[in-house]
Amino acid sequence: MEKIIYILILIMLENSNFYKDVNTIYSPTSYDFIVNKNNKLTSDYVPYDLEVIDTKYSLEGKYLRKDAKIAFENMASDAKALGFNIICVSAYRSYDYQEKLYNNYVKDKGFYYADMASARAGHSEHQTGLAIDVANSSLDYDNFEDTKEFIWMKNNAYKYGFILRYPKAKFHITGFKYEPWHYRYVGEKIAKDIFDKNITLEEYKKNI
Ligand SMILES: [Zn+2]
């Protein structure tokens, strides 16, 4: 099954506009800007208001922009009170770090796999300082979908301004395969709208 999905994704990548006609974002001013395979940040973009996440809810040394960090800590704290352990395993990543990650994928598994599983430097939402990967206490984000924490996040993250950024079967729109562990801060109002309409950020932006 997984192999079939992989082949389908390869065909879609071949025939898509991903990484073609790329738009460059120089200085994002809102929380709903899109960074994807057609919209990239510059190599020197570093958010000005990064703050470290409390290690009660995070691995050490993980940073988000201030509002996203506060929202994440509030969410993780409320979840914890209900018996759900939500831990940040990855947050802000610099352009240089993303370049290394992507190149490692290319080296290990080839170019197509790298484009399916990772983002080229400048095209990763993690450079925005508004994206976060989470796991439960096992820290095994790959299996996050099978946890009770995932069900909670799926139903409640929007209340704190986060959206499930790469939903199932939306690869042709987002350019990324389903990632149950990856959330993006867009602010409460937009997150609620996206949640209620069950759409992606790309679809939301197209319709405003
Ligand atoms: Zn991620």
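These notes cover the structure that comes with them. Residue numbering note: each chain is counted from 1, following its sequence as written. Given that this is a predicted model, residues contribute local features only at a pLDDT of at least 70 and side-chain atom pairs are listed and counted only at 80 or more, while totals for whole chains, interfaces and linings are drawn from all residues. Think of the side-chain values as coming from all heavy atoms in the structure, minus any hydrogens and water.

### Quick notes on the coordination of the zinc ion
Each pair of donors in an ideal octahedron of six around a metal sits at 90 or 180 degrees, and each pair in an ideal tetrahedron of four sits at 109.5 degrees.
Working step 1: Each metal site lists N, O and S donors within 2.8 Å (3.2 Å for Na, K and Ca). With water left out of the atoms, a site can look as if it is missing ligands. Here the zinc ion is held by the protein donor atoms His-126 (NE2), Asp-133 (OD) and His-182 (ND1), which lie 2.0 to 2.1 Å from it.
Working step 2: Considered as a linear motif, the donors of the zinc ion on their single chain read H-x6-D-x48-H.

### Some details on the nonpolar core
Working step 1: Among the nonpolar cores identified, the biggest contains 31 residues, and Phe-72, Ile-132, Met-153, Phe-162 and Tyr-183 are the most heavily contacted of them.
Working step 2: Secondary structure elements follow DSSP: runs of H or I no shorter than four residues count as helices, runs of E no shorter than two count as strands, and numbering proceeds from the N terminus. Ranked by residues supplied to this core, first place goes to helix α2 (residues 66-81) with six residues.
Working step 3: Other than its neighbours up to four places away in sequence, Phe-72 contacts Ile-53, Tyr-57, Leu-64, Ile-86, Ile-87, Cys-88, Ile-132, Val-134 and Phe-162. Here, nonpolar core means buried Ala, Val, Leu, Ile, Met, Phe, Trp, Tyr and Cys residues that are tied together by side-chain atoms lying within 4.5 Å of each other. For every residue, the accessible area (1.4 Å probe, protein chains only) is compared with the maximum for its type, and the residue is labelled buried under 20%, exposed over 50%, or partly exposed between those bounds. The criterion used for residue contact is that any of the two residues' heavy atoms lie within 4.5 Å.

### Re the pattern of salt bridges
Working step 1: Whenever a carboxyl oxygen of Asp or Glu lies within 4 Å of a side-chain nitrogen of Lys or Arg, that contact is scored as a salt bridge. For the structure on display, the rule yields 14 salt bridges.
Working step 2: Note that Glu-202 and Arg-165 form a salt bridge whose closest N and O atoms lie 2.8 Å from each other. With a gap of 37 residues between them, Glu-202 in helix α8 (residues 201-206) and Arg-165 in the loop between β7 (162-164) and α6 (171-174) connect regions that are remote in the sequence.
Working step 3: Arg-165 gets classed as buried once you look at its relative accessible area, which sits at 1%.
Working step 4: Overlapping salt bridges, with partners in common, bring together Glu-125, Arg-165, Arg-184 and Glu-202 in one network.

### Examining a nonpolar patch on the surface
Working step 1: A cluster of nonpolar side chains, namely Ile-4, Ile-7, Leu-8, Ile-11 and Met-12, defines an oily patch on the protein surface of about 450 Å² accessible area.
Working step 2: Relative to the helices and strands, Ile-11 is located in helix α1 (residues 2-15). Patch membership requires more than 30% relative accessible area and the absence of a salt bridge. Residues of like charge join within 9 Å; the nonpolar side chains Val, Leu, Ile, Met, Phe, Trp and Tyr join within 5 Å. In this description, accessible areas are obtained by the Shrake-Rupley approach with a 1.4 Å probe, and a residue is regarded as covered only by the protein chains that are shown.

### Some details on the sheet that holds β7
Working step 1: Read across the sheet, four strands follow the order β5-β6-β8-β7 without closing on themselves; strand pairing throughout is antiparallel. A strand with exactly one partner marks an edge of an open sheet, and here the two such strands are β5 (87-90) and β7. Strand-to-strand twist in this sheet, taken as the mean axis angle between neighbours without regard to direction, amounts to 45°.
Working step 2: The strands touched by α2 within the sheet are β5, β6 (131-135), β7 and β8 (182-185), with β7 carrying the most contacts at an inclination of about 75°. Here, strands pair whenever DSSP counts at least two bridges between them. Orientation is described by lines fitted to C-alpha atoms, with helices fitted over the stretch in contact, and by angles between N-to-C directions that extend from 0 to 180 degrees.

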